[in-house]
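Fold and geometry: a report
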Amino acid sequence: MLRWLVFAAMTTSLAGAAQADEGAFLKSLQGSWTGAGTVRIRTHMSPINVSCNFDSQSQGLALSMEGVCRGLILISKSIDAQLKFSGTKYSGSYLGPRGGRAGLSGSRRGDAINLTIRWAKEVNGDRSADLTLQKVGANGMRLTTVDVDPESGDRVVTSEINLHRK
């Protein structure tokens, strides 16, 4: 009985520490961000250069990001993500450059939150892709999406945006 109580107390303590770590990590991503990168409309197409601005807010175990990316002079797309940490996992939603709200789920490893995107409709032959939100140093962040090319089966970086604090 005593072992069970010690185990329960340790488990509760570790869960509380994990949530505190996640809250601190999300707070470190808060702020105004600007940067540039590339986006592929389809896995087989050439990348388009984009410039982006994002604002992110953290509150406890939640993070929201809203921004705009511009490319090819006239193209401007709104992007946003809502994430929440619960237990040991992240979940939320994503509105990418192709429109349509997508679901997000995943976990953090080190300075990166690795998420699976579940698109509302087929994109590049299926309804899933990977999104990584990575903290780079004290004042940098990288957003990367990877999808599978339906023809070759190869994993293709469909967007990589490197941001720094304004």
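Just above, that's the structure.
This write-up is about the structure you can find in this document.

Cut-offs and rules
Residues numbered from 1 in each chain as written. Predicted model: local features only at pLDDT ≥ 70, side-chain atom pairs only at ≥ 80, totals over all residues. Heavy atoms only, no water. Pairing = 2+ DSSP bridges. Helix = DSSP H or I, 4+ residues; strand = E, 2+ residues; numbered from the N terminus. Axes fitted to C-alpha atoms, helices over the stretch in contact; angles between N-to-C directions. Polar contact = N/O pair within 3.5 Å; in protein donor to acceptor, adjacent residues only side chain to side chain. Contact = heavy atoms within 4.5 Å.

Considerations on the sheet that holds strand β5 (residues 89-95)
Sheet strands line up and pair through hydrogen bonds in the backbone, either parallel or antiparallel. One closed barrel holds the 10 strands; their spatial order is β1-β2-β3-β4-β5-β6-β7-β8-β9-β10, and the pairing between them is antiparallel. The mean inter-strand angle of the sheet, taken between neighbouring strand axes irrespective of direction, is 25 degrees. Of the strand pairs in this sheet, strand β3 (residues 62-71) and strand β4 (residues 75-86) are connected by 10 bridges, and their pairing is antiparallel. Bridge pairing in β4 places Ala 62 opposite Lys 84.

Here we look at the side chain of Ser 28
Summarising the element assignment, Ser 28 is placed in helix α1 (residues 2-28). At 3.2 Å, the side chain of Ser 28 forms a polar contact with the side chain of Lys 135. Non-local contacts of Ser 28, meaning those with residues more than four positions away in its chain, are made with Trp 33, Lys 135 and Arg 165.

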